[in-house]
Amino acid sequence: MPQYKLVYFDGRGRAELARLLFAASGTKYEDHRIEKEQWPALKQKVPFGVLPVLEVDGKQYSQSGAVERYLAKEFGMMGCNNLEAFKIDEALENIKDLGQALMGLLFEKNEEEKAKKLQKIKEDLMPKTLKWFTNQLKENCTCGFLVGKKLSLADVAFFCLFNNVISMGHGKALDEAPTVKEHHTRIGNNAAIKKWVQTRPKTDW
């Protein structure tokens, strides 16, 4: 088995989904967290000057989406065929759209603009996203997963996103989508994922 080392800041951020995949699969890795003061020197040494970086047997790879898909394929969590992989990618793109919109709130310094963006998310993007995931779960109703008959990257990414939604104070949105809320709880009760969430370092982001 390859030797894995995940390099990121001491926060959940763009590395948390990869960490959840390691946890869910029971795969050992080094969770290497750096302080912000270390970043300027390290930035010159990593691909594209960005984190997270995944080292596989000592070789560095970057871009969080590519890292997540690679790990999912390695761990058997990217579907059983090309159509399932396509559906997982579709879910990931919907997750990314909502995630980026929420991230924009964190970096918006103008309170008036932030309020407008939040209103648009609440009235448009959040309902559309919840409706899409509700339909996906109902379509795959006999299995308990978003795609196929076992835990996939789509489920773990979904769980990661809505944990962030809850931590940002928008968890009430799930009350309007009971099927989605139930799925979030189910994935969170996966023994390996639950253990990681309970024992991971406590960080603000």
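Right above here is the structure, for reference.
Now for a description of the structure that goes with this document.

1. As for the layout of surface pockets
Put simply, the largest pocket is a space of about 1,000 Å³. Forming the walls of the largest pocket are 27 residues, and the residues nearest its centre are Gly 13, Arg 14, Gly 99, Met 103 and Asn 164. At the level of elements, α3 (64-74), α4 (82-107) and α6 (153-167) are the ones that each hand at least two residues to the lining of the largest pocket. If you tally residues by element for the lining of the largest pocket, the top one is α4, at 10 residues. Looking at side-chain class alone, the lining of the largest pocket contains 13 nonpolar, seven polar and seven charged residues.

2. Notes on the packing of aromatic side chains
The tally for this structure, following the rule as stated, stands at 10 aromatic pairs. Ring geometry for Tyr 8 and Trp 205: centres 6.1 Å apart, planes at 70°, overall edge-to-face. Residue Tyr 8 is located in strand β1 (residues 4-9), and its partner Trp 205 is located in the segment after α8 (191-199); the two are separated by 197 residues in the primary sequence. A relative accessible area of 6% places Tyr 8 in the buried class. Taking 5.3 Å as the distance between ring centres and 55° as the angle between the ring planes, the aromatic pair formed by Phe 133 and Phe 158 counts as tilted. Of the two residues, Phe 133 sits in helix α5 (residues 111-139) while Phe 158 sits in helix α6, which places them 25 residues apart along the sequence. Classification of Phe 158 as buried rests on a relative accessible area of 0%. Through a chain of ring-to-ring contacts, the aromatic side chains of Tyr 4, Phe 22, Tyr 29 and Phe 75 assemble into a single cluster.

Criteria and thresholds
Residues numbered from 1 in each chain as written. Predicted model: local features only at pLDDT ≥ 70, side-chain atom pairs only at ≥ 80, totals over all residues. Heavy atoms only, no water. 1 Å grid on protein atoms, 1.4 Å probe; cavity = no way out; pocket = protein on both sides within 12 Å on 5 of 7 lines; lining within 4 Å. Points joined across faces, edges and corners; volume = space filled by probe spheres on them. Helix = DSSP H or I, 4+ residues; strand = E, 2+ residues; numbered from the N terminus. Nonpolar A, V, L, I, M, F, W, Y, C, P; charged D, E, K, R; others polar. Phe/Tyr/Trp six-rings, centres within 6.5 Å; stacked < 30°, edge-to-face > 60°. Buried < 20%, exposed > 50% of the residue type's maximum accessible area, 1.4 Å probe, protein only.

Read these as spatial facts, not as claims about activity.
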